[in-house]
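Here's the letter readout for the chains.
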Amino acid sequence: MSVLRKYVFALGPLAAAALWGGMYVVSKWSFALVPPVTLGFFRVALGAGALWLWLRVAGGSDAERPGREDWPALAGLGGWVTLTIVAQFLGTELTNASQGSLLTVLTPVFVVLLGAALLGERVTTPKAAGIALAAVGTAVVVAGQYDVRSVAAGNAAGVLLLVVASVAWAGFTVWGLPVVREYSALTAATYATIAATPMLGVLAAAELWYLGGPLGALSLGPESLLAIGYLGLASTAAAWYLWYKGLEYVPAGTVAVFFFLQPVVGTALATALLGEQVGPEFVVGSLMIGTSVWVVSRERAADTAPDQQPGET
């Protein structure tokens, strides 16, 4: 594989961050129609079906099935997915937009820490500086979009759940890397999502029972179906594959930096589609985040030999 193609695939997490940019807005709006855990189940079930079909069509090495020795690891990835979705959606329902945007900063930090502790990845000075710059840039973007005083307001349990979701997604990223490197991004994303579906199904059934039954708790009209379609096909099937695709070629800590682009993309979409206004803070923060991604990507490019194979660090 050429070096150019390798770095094109390494930008997969950038596309994933773009797809996730509008996820908080869509999910927050959808909770009035579908309860959060049930919405998460629909999202993952649809994503699992789409990924499975994609895997069957892809054929070749991408269609290689993991052996029985990998089933515990895949079930574990399904557990990380389940914890991420439940904590993320419940936390989003209980918090405000500024808290959700700002707490995305924690996910890359946890990925870098777990990558260093479990995978032996080096936290170099440029990488640490890039992450710090991106974190500050995210805070600047959020400060320009929301009333900063609202960050401290809201439900403490919701904030805690969003922190748990950040840790869980970091676990999904780091623990999934061996499966990605042994098989493929598509295989890992597909079987992890399939493993999560029955777990979320049980929790969704419990949620609907608690709320008084499925008919009284659901409102599956055209709007909710469109939201589920976006969450399942775009922010799950496509985005999770693209996120893992980056792990085929670069370390987990490097991939994590692209996560900081979520609030930038979300704000840009809100401006373009909803007519929201942005101030100079958005420009300054976006430049800081873009610079941080360039710094970390440049470090990786300098450290990679032309004939290095995907997965070598």
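Note that this is a predicted model, so its numbers are computed, not measured.

## A short note on the packing of helix α9 (residues 156–182) against helix α12 (residues 222–247)
Contact geometry for α9 and α12: axes closest at 9 Å, N-to-C directions at 60°. Of the possible angle classes, the one that applies to α9 and α12 is oblique. As α9 runs across α12, the sense of the crossing is right-handed. On α12, the residues that touch Trp 169, Phe 172, Thr 173, Gly 176, Leu 177, Val 180 and Arg 181 of α9 are Trp 240, Trp 243, Tyr 244 and Leu 247. Class assignment for the residues of the contact of α9 with α12 results in 8 nonpolar, 2 polar and 1 charged.

## Section: the side chain of Thr 190
Along the polypeptide, Thr 190 turns up in helix α10 (residues 185–211). Thr 190 sits in the buried class, given a relative accessible area of 0%. Polar side-chain contacts of Thr 190 include one of 3.5 Å to the backbone oxygen of Leu 51. At a separation of 2.7 Å, a polar atom in the side chain of Thr 190 contacts the main-chain carbonyl oxygen of Leu 186. Here Thr 190 is in contact with Leu 51, Trp 52 and Leu 55, once residues within four sequence places are set aside.

## Focus on the nonpolar core
Grouped together as the largest cluster of nonpolar side chains are 49 residues, with contacts concentrated most on Trp 20, Trp 240, Trp 243 and Tyr 244. At the level of elements, α2 (12–20), α4 (36–58), α5 (71–94), α9, α10, α12 and α13 (252–256) are the ones that each hand at least two residues to this core.

## A short note on the environment of Tyr 241
Here Tyr 241 shows up in helix α12. When its relative accessible area of 13% is taken as the criterion, Tyr 241 is described as buried. Spatially, the C-alpha atoms of Tyr 241 and Pro 13 are 9.0 Å apart, while their sequence positions differ by 228 residues.

## What to know about the packing of aromatic side chains
In this structure the tally under the stated criterion is 12 aromatic pairs. Ring centres 6.3 Å apart and planes at 50° place the aromatic pair Trp 169 and Trp 243 in the tilted group. Of this pair, Trp 169 sits in helix α9 while Trp 243 sits in helix α12; the two residues are 74 residues apart in sequence, bridging distant segments of the chain. Every member of this aromatic cluster is reached through a ring pair, and the members are Trp 20, Trp 169, Phe 172, Trp 240, Trp 243, Tyr 244 and Phe 259.

## What about α2?
Turning to α2, its buried residues number three or more, namely Gly 12, Pro 13, Ala 16, Ala 17 and Trp 20. Burial along α2 is one-sided: seen end-on, the buried residues are contained in an arc of 140°.

## Description of the packing of α4 against α10
Contact geometry of α4 with α10 gives a least axis separation of 8 Å together with a crossing angle of 155°. Put simply, α4 runs roughly antiparallel to α10. Crossing angle aside, the handedness with which α4 passes α10 is left-handed. Here the contact of α4 with α10 is built from residues that sort into 20 nonpolar, 8 polar and 1 charged.

## Regarding the environment of Ala 156
By secondary structure assignment, the location of Ala 156 is in helix α9. Put simply, Ala 156 and Leu 94 are 62 residues apart on the chain and 8.5 Å apart in space, counted from C-alpha to C-alpha.

## A few points about the confidence of the model for the protein
Averaged over the protein, the pLDDT score is 78; the fraction of residues at 70 or greater is 78%. Contacts of residues 301–313 to residues separated by more than four positions or lying in other chains number 22 contacts, the stretch itself having pLDDT below 50.

## Examining the pattern of salt bridges
Using the criterion set out here, one finds 1 salt bridge in the structure. One salt bridge in this structure joins Lys 245 and Glu 248, with 3.3 Å as the shortest N-O distance. Looking at Glu 248, the relative accessible area reads 9%, which means it is buried.

Each value, and the rule that gives it
Residues numbered from 1 in each chain as written. Predicted model: local features only at pLDDT ≥ 70, side-chain atom pairs only at ≥ 80, totals over all residues. Heavy atoms only, no water. Axes fitted to C-alpha atoms, helices over the stretch in contact; angles between N-to-C directions. Helix = DSSP H or I, 4+ residues; strand = E, 2+ residues; numbered from the N terminus. Parallel < 35°, antiparallel > 145°, perpendicular 65-115°, else oblique. Left-handed = near helix turned anticlockwise from the far one by under 90°. Contact = heavy atoms within 4.5 Å. Nonpolar A, V, L, I, M, F, W, Y, C, P; charged D, E, K, R; others polar. Buried < 20%, exposed > 50% of the residue type's maximum accessible area, 1.4 Å probe, protein only. Polar contact = N/O pair within 3.5 Å; in protein donor to acceptor, adjacent residues only side chain to side chain. Core = buried A, V, L, I, M, F, W, Y, C linked by side-chain atoms within 4.5 Å. Phe/Tyr/Trp six-rings, centres within 6.5 Å; stacked < 30°, edge-to-face > 60°. Arc of directions from axis to C-beta. pLDDT = per-residue confidence, 0-100. Salt bridge = Lys/Arg side-chain N within 4 Å of Asp/Glu carboxyl O.

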